[in-house]
Amino acid sequence: QKEVEQNSGPLSVPEGAIASLNCTYSDRGSQSFFWYRQYSGKSPELIMFIYSNGDKEDGRFTAQLNKASQYVSLLIRDSQPSDSATYLCAVLAGGSYIPTFGRGTSLIVHP
Amino acid sequence: DAGVTQSPTHLIKTRGQQVTLRCSPKSGHDTVSWYQQALGQGPQFIFQYYEEEERQRGNFPDRFSGHQYPNYSSELNVNALLLGDSALYLCASRPGRRGTDTQYFGPGTRLTVL
């Protein structure tokens, strides 16, 4: 049973701070990791994905993988109120076609 | 270039009824997956269609069925609706079956079962 765990939050950070979101996964053979942002009442939107070979930075977003401890992080620098949303982590196990989603972490950025 | 589209946007049904949800994939995408997202939960995989066949299925009962047409559009059918079927139903498309291919979600259909 492949599991992806996220703290449901909410995680509350002040505007301009760094928001750190974490996701743990159970399948050690997992090879691809996705972060989606979901605004209330809307569908998930892909913001970052990384493979098992390294971290990735894209603008204010950085995704980091710790394979030994089996967790992946999403850092949001200079957080803005518009970043307030639920962040979903999805993990793709090796040989699988279907990613497994976590339940998401609610992020609140307050002015 | 239109993204993934879904219809209807909202739907209200009563227990025992049947419902059909529709999805048109993003241009150039031939693989469609359906997900159910209950309130406060992550998307749960229902099934995936590729080349008009169901290729993979999640842990959902046979009341959930689907279809893919030659133009890659897809339908999700749910029979004998239960209160617990109330959720946001998401369609996602990708340009191939490989899991590493980025999939894009449609806006979803909000189903309420009374």
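Just so you know, these numbers come straight off a predicted model, no measurement behind them.

Details of the nonpolar core
Argument step 1. By size, the foremost hydrophobic cluster in this structure holds 23 residues, and its most contacted members are Trp35, Val72, Leu74, Ile76 and Tyr87 of chain A.
Argument step 2. Counting only elements with at least two residues in this core, the list comes to strand 3 (19-25), strand 4 (30-38), strand 5 (45-51), strand 7 (61-66), strand 8 (71-76), strand 9 (85-93) and strand 11 (105-110) of chain A.
Argument step 3. Counting 20 residues, the second-largest nonpolar core is a separate cluster that includes Val19, Trp34, Phe64 and Val78 of chain B.

Observations concerning the environment of Leu90 of chain B
Argument step 1. Tracing the backbone shows Leu90 of chain B in strand 9 (residues 87-94).
Argument step 2. Of the residues examined, Leu90 of chain B reaches a relative accessible area of 0% and is grouped as buried.
Argument step 3. Separated by 44 residues in sequence, Leu90 of chain B and Ile46 of chain B have C-alpha atoms that sit 9.8 Å apart.
Argument step 4. Leaving out residues up to four positions away in the same chain, Leu90 of chain B has contacts with Ser43 and Pro44 of chain A together with Gln6, Ser33, Trp34, Tyr35, Gln37, Pro43, Phe105, Gly106 and Gly108 of chain B.

Things to note about the interface of chain B and chain A
Interfaces are often sized by the accessible area lost when the parts come together.
Argument step 1. Each partner contributes to the interface: chain B provides 22 residues, whereas chain A provides 19 residues.
Argument step 2. Both faces considered, chain B and chain A share a buried interface measuring about 1,600 Å² in area, 58% of it formed by carbon and sulfur atoms.
Argument step 3. Inspection of the chain B/chain A interface yields zero salt bridges.
Argument step 4. Viewed at the interface, chain A and chain B are joined by two residue pairs in polar contact (both at pLDDT 80 or more).
Argument step 5. Broken down by secondary-structure element, the contributors of at least two residues to the side of chain B that touches chain A are strand 4 (31-37), strand 5 (44-50) and strand 9 of chain B.

Some details on the side chain of Thr31 of chain B
All names here are of chain B.
Argument step 1. Checked against the element boundaries, Thr31 lands in strand 4.
Argument step 2. Taking the relative accessible area as the measure of exposure, Thr31 reaches 1% and is therefore buried.
Argument step 3. Separated by 3.0 Å, the side chains of Thr31 and Asp30 make a polar contact.

Observations regarding the packing of aromatic side chains
Argument step 1. Applying the stated criterion across every chain, the model contains 11 aromatic pairs over all chains.
Argument step 2. Look at Tyr25 of chain A and Phe33 of chain A: their rings are 5.0 Å apart centre to centre, the planes differ by 50 degrees, and that puts the pair in the tilted class.
Argument step 3. Taking relative accessible area as the criterion, Tyr25 of chain A reaches 7% and is therefore assigned buried.
Argument step 4. Considering the side-chain rings of Phe60 of chain B and Phe64 of chain B, the 5.1 Å spacing of their centres and the 70 degrees angle between planes classify their relative orientation as edge-to-face.
Argument step 5. Here Phe60 of chain B falls in the buried class, since its relative accessible area comes to 15%.
Argument step 6. Connected via pairs of aromatic rings, a cluster forms that spans Tyr36 and Phe101 of chain A together with Tyr35, Phe45 and Phe105 of chain B.
Argument step 7. Across from the ring centre of Phe49 of chain A, 4.1 Å away, lies the NZ or CZ of Lys56 of chain A, which sits over that ring.
Argument step 8. In this structure, Lys26 of chain B is placed above the aromatic ring of Tyr104 of chain B, and the distance from its NZ or CZ to the ring centre is 5.5 Å.

Observations regarding unusual backbone geometry
Argument step 1. The peptide bond linking Gly9 of chain A to Pro10 of chain A adopts the cis configuration, its omega dihedral lying at 10 degrees.
Argument step 2. Its location among the elements puts Pro10 of chain A in the loop between strand 1 (4-5) and strand 2 (11-14).
Argument step 3. Put simply, Ser7 of chain B and Pro8 of chain B share a cis peptide bond, and its omega is -10 degrees.
Argument step 4. Mapped onto the fold, Pro8 of chain B is located in the loop between strand 1 (5-7) and strand 2 (10-13).
Argument step 5. Although it is not a glycine, Glu51 of chain B adopts a positive phi angle of roughly 50 degrees.
Argument step 6. If you trace the backbone, Glu51 of chain B turns up in the loop between strand 5 and strand 6 (53-57).
Argument step 7. One non-glycine residue, Tyr72 of chain B, lies in positive phi territory at about 80 degrees.
Argument step 8. Topologically, Tyr72 of chain B is positioned in the loop between strand 7 (64-68) and strand 8 (74-78).

Rules used in this analysis
- Residues numbered from 1 in each chain as written.
- Chains lettered and ligands numbered in written order.
- Predicted model: local features only at pLDDT ≥ 70, side-chain atom pairs only at ≥ 80, totals over all residues.
- Heavy atoms only, no water.
- Core = buried A, V, L, I, M, F, W, Y, C linked by side-chain atoms within 4.5 Å.
- Buried < 20%, exposed > 50% of the residue type's maximum accessible area, 1.4 Å probe, protein only.
- Helix = DSSP H or I, 4+ residues; strand = E, 2+ residues; numbered from the N terminus.
- Contact = heavy atoms within 4.5 Å.
- Buried area = accessible area lost by both parts, 1.4 Å probe.
- Salt bridge = Lys/Arg side-chain N within 4 Å of Asp/Glu carboxyl O.
- Polar contact = N/O pair within 3.5 Å; in protein donor to acceptor, adjacent residues only side chain to side chain.
- Phe/Tyr/Trp six-rings, centres within 6.5 Å; stacked < 30°, edge-to-face > 60°.
- Lys NZ or Arg CZ within 6 Å of the ring centre and 35° of its normal.

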